[in-house]
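Residue-level structure breakdown
This is what each chain is made of:
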Amino acid sequence: MYTTDLRTAEEKAKAAKDEIKVAEEGMAEFQARIDRDEFIEPKDWMPEGYRKTLIRQMSQHAHSEIVGMHPEGNWVTRAPTLKRKLILIAKIQDEAGHGLYLYSAAETLGVSREELVRQLHAGEAKYSTIFNYPTMNWADVGAVGWLVDGAAITNQIPLCRCSYGPYARAMTRVCKEESFHQRQGYEALLEMMKGTDEQKKMVQDAFDRLFWPALMMFGPPDSDSAHSSQNMAWKIKRFSNDELRQRFVDATIPQAEFLGLKIPEQIKWNEETGHYDFGELDWDEFWDVVKGNGISNDDRMNARNEALEDGAWVREAAAAYAEKQRAKSKAA
Ligand code: FAQ
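All of these numbers come straight from a predicted model, not from anything done at the bench. (Residues numbered from 1 in each chain as written. Predicted model: local features only at pLDDT ≥ 70, side-chain atom pairs only at ≥ 80, totals over all residues. Heavy atoms only, no water.)

1. Structural notes on the packing of aromatic side chains
Just so we agree on the cut-off: Aromatic pairs are defined between Phe, Tyr and Trp rings, using the six-membered ring for Trp, whenever the two ring centres lie within 6.5 Å; interplanar angles under 30 degrees are classed as stacked, those over 60 as edge-to-face, and all others as tilted. Strands here mean DSSP runs of E at least two residues long; helices mean DSSP runs of H or I at least four residues long; both are numbered from the N terminus. Three exposure classes are used, based on accessible area relative to the maximum for each residue type with a 1.4 Å probe and protein chains only: buried under 20%, partly exposed in between, and exposed over 50%. Here, a charge over a ring is recorded when the distance from Lys NZ or Arg CZ to the ring centre is within 6 Å and its angle to the ring normal is within 35 degrees.
In total, this model carries 13 aromatic pairs according to the counting rule given. A ring pair is formed by Phe 30 and Trp 45, whose centres lie 6.1 Å apart and whose planes are at 80 degrees; its orientation type is edge-to-face. Taken as a pair, Phe 30 in helix H1 (residues 9-35) and Trp 45 in the loop between H1 and helix H2 (48-67) lie far apart in primary sequence, 15 residues in all. Both rings, one in Phe 211 and one in Trp 212, keep their centres 5.1 Å apart while their planes meet at 75 degrees; by these two values the pair is edge-to-face. Here Phe 211 and Trp 212 have matching classes, each one buried. Here the aromatic cluster, defined as three or more aromatic residues joined through ring pairs, consists of Phe 30, Trp 45, Tyr 50, Tyr 164 and Trp 234. Across the ring face of Trp 75, the terminal group of Arg 78 is positioned such that the distance to the ring centre comes to 4.3 Å. Here the basic side chain of Arg 247 rests over the ring of Phe 239, its NZ or CZ set 4.3 Å away from the ring centre.

Here is the structure:
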């Protein structure tokens, strides 16, 4: 084979050594910045693994916000009062906004939103398992706000201190909005618990079905979490999956008691640890839903694909309009 590289073997080996030295120094300086709690910004040097894992997590997060609009969207036309309908529409619009902040923040890492959306639609990208469970009745809508947004906030508050600046800043606003979402859900359930026996049963049923999948939102147990140790060293994650899951259980069970709900038998206060014990979750179910076999996986992906096709003319019209404006300003 011909080569234009005229360096001797010795020179090549030295160049390779120098490259490793520069990479090691870069890595050490990067970690030192993280350890000093400095934010990493888009134009700063970062290891490829840091960039990749952030794109992975932030895009999964964005997809979750967007797919997460569907279970509640299902109830906009059937909300029981005008007030509830307005609240629900506002909440769902907020989730769309969260998706947009997150796609934009992910784009600062050198990937396009079109590519991320393509990955979702092709089934290559994950989104949170919780959105593959159906919302069967109005109490489920309240339970999504209370439990799903509640779990989301528990996970996202530490992300406001994540080492990547654009992600951390997006999370600050998202958390404020999620807090309203959690309260509106809890308040809707409080109202139902003042109602008829049938309404109370609906709330209990929603809690019984959605509580366990909400706990799975925090990811697999720490022992099976592939990304935790590196991402905690990089301060993308500040707490482990199990720590945040426990924090959520400890906050939620007193709220369930205040609502007047029956607490599952396996959940017991542990005097010694100062936490609630809640037993093992059904991790086979979790991985099955991750693989696409949940009750609503197909419905969610079909709805996303239909929305993409139905919206094609809007994107084309917007692009044609932008092109026209560009041509006009060039001509002027
Ligand atoms: N579902 O090594 P780990 C919301 C995957 S937003 C599906 O522990 P990591 C707002 C994980 O990706 C809810 N897949 O992973 C709302 C990885 O697979 P990969 C979304 C899951 O990243 C409310 C593998 O398992 N929030 O609800 C899940 O260190 C109401 C191994 O796991 C976020 O995304 C899961 N639940 O920790 C909207 C927060 N868990 O990528 C509408 C940001 C894990 O190697 C209505 N994300 N996997 O193929 C995070 O904090 C982290 O990514 C975790 C997972 C904690 C979710």
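Further notes follow.
2. Overview of the site of the ligand
Keep this limit in mind: When at least one non-hydrogen atom of a residue lies within 4 Å of a molecule or strand, that residue is treated as near it. Polar contact is the term for a pair of N or O atoms within 3.5 Å; when the atoms are in protein, one must be able to donate a hydrogen and the other to accept it, and sequence-neighboring residues count only if both atoms are side-chain atoms. In this classification, the charged set is Asp, Glu, Lys and Arg, the nonpolar set is Ala, Val, Leu, Ile, Met, Phe, Trp, Tyr, Cys and Pro, and all remaining amino acids, among them Gly, are polar.
Taken together, 36 residues sit near the ligand, with Gln 60, Lys 126, Ser 225, His 227 and Lys 237 positioned nearest. Between the ligand and Thr 129 there is a distance of 3.0 Å, counted from a nitrogen atom to a backbone nitrogen or oxygen. Separating an oxygen atom of the ligand from a side-chain N or O atom of Ser 225 is a distance of 2.7 Å. At the level of elements, H2, helix H4 (82-107), helix H6 (138-159), helix H7 (165-193) and helix H11 (283-290) are the ones that each hand at least two residues to the shell around the ligand. Class assignment for the residues of the shell around the ligand results in 14 nonpolar, 13 polar and nine charged.

3. Here we look at the pattern of salt bridges
The following threshold applies: Salt bridge, as applied in this entry: a Lys or Arg side-chain nitrogen positioned within 4 Å of an Asp or Glu carboxyl oxygen.
Overall, the coordinates contain 20 salt bridges when judged by the stated rule. Linking Asp 44 and Arg 33 is a salt bridge whose minimum nitrogen-to-oxygen distance equals 3.1 Å. Residue Asp 44 is found in the loop between H1 and H2, and its partner Arg 33 is found in helix H1; the two are separated by eleven residues along the sequence. Judged by its relative accessible area of 18%, Arg 33 is buried. Between Glu 124 and Arg 118 there is a salt bridge whose closest N-O contact spans 2.9 Å. Residue Glu 124 is classed as exposed on the basis of its relative accessible area of 52%. Three or more residues joined by partner-sharing salt bridges are found here, namely Glu 29, Arg 33, Arg 36, Glu 38 and Asp 44.

4. Details of the nonpolar core
Quick reminder of the rule: By nonpolar core is meant a set of buried Ala, Val, Leu, Ile, Met, Phe, Trp, Tyr and Cys residues that side-chain atoms within 4.5 Å join together. Every residue pair with non-hydrogen atoms within 4.5 Å of one another is taken to be in contact.
Of all hydrophobic cores here, the largest spans 76 residues; its most connected members are Tyr 50, Trp 146, Leu 147, Tyr 164, Tyr 167 and Phe 211. The element best represented in this core is H6, accounting for ten residues. Those residues in contact with Trp 146 that sit more than four places away from it in its chain are Gln 182, Gly 185, Tyr 186, Leu 189, Phe 207, Thr 252, Gln 255, Ala 256, Leu 259 and Leu 261.

5. Focus on the packing of H7 against helix H8 (residues 197-216)
Spelled out, the test is: Axis definition: a line fitted to C-alpha atoms, limited for helices to the stretch in contact. Angles are taken between N-to-C directions and run from 0 to 180 degrees. Roughly parallel here means an angle under 35 degrees, roughly antiparallel means over 145, roughly perpendicular means 65 to 115, and every remaining angle is called oblique.
Contact pair H7 / H8: the axes reach a minimum separation of 8 Å and the direction vectors enclose 140 degrees. As summarised for this structure, H7 and H8 are arranged oblique, according to the angle between their axes. Here Leu 189, Met 192 and Met 193 of H7 come into contact with H8, specifically with Gln 199, Lys 200, Met 202 and Val 203. A per-class count over the contact of H7 with H8 returns five nonpolar, one polar and one charged.

6. Regarding the side chain of Asn 270
When you line up the elements, Asn 270 lands in strand E1 (residues 268-270). Within the structure, the side chain of Asn 270 is placed 3.0 Å from the side chain of Asp 277, a separation counted as a polar contact. Not counting residues within four places of it along the chain, the set of residues in contact with Asn 270 comprises His 275 and Asp 277.

7. Points about the UniProt feature "coiled-coil region" (unreviewed entry) in the protein chain
Just so we agree on the cut-off: UniProt positions are given in the numbering used here, feature names are shortened, and annotations may be inferred rather than shown by experiment.
Annotation from UniProt places "coiled-coil region" (unreviewed entry) at residues 6-33. Taken as a whole, residues 6-33 contains 89% helix and 0% strand, while its terminal C-alpha atoms sit 39 Å from one another.

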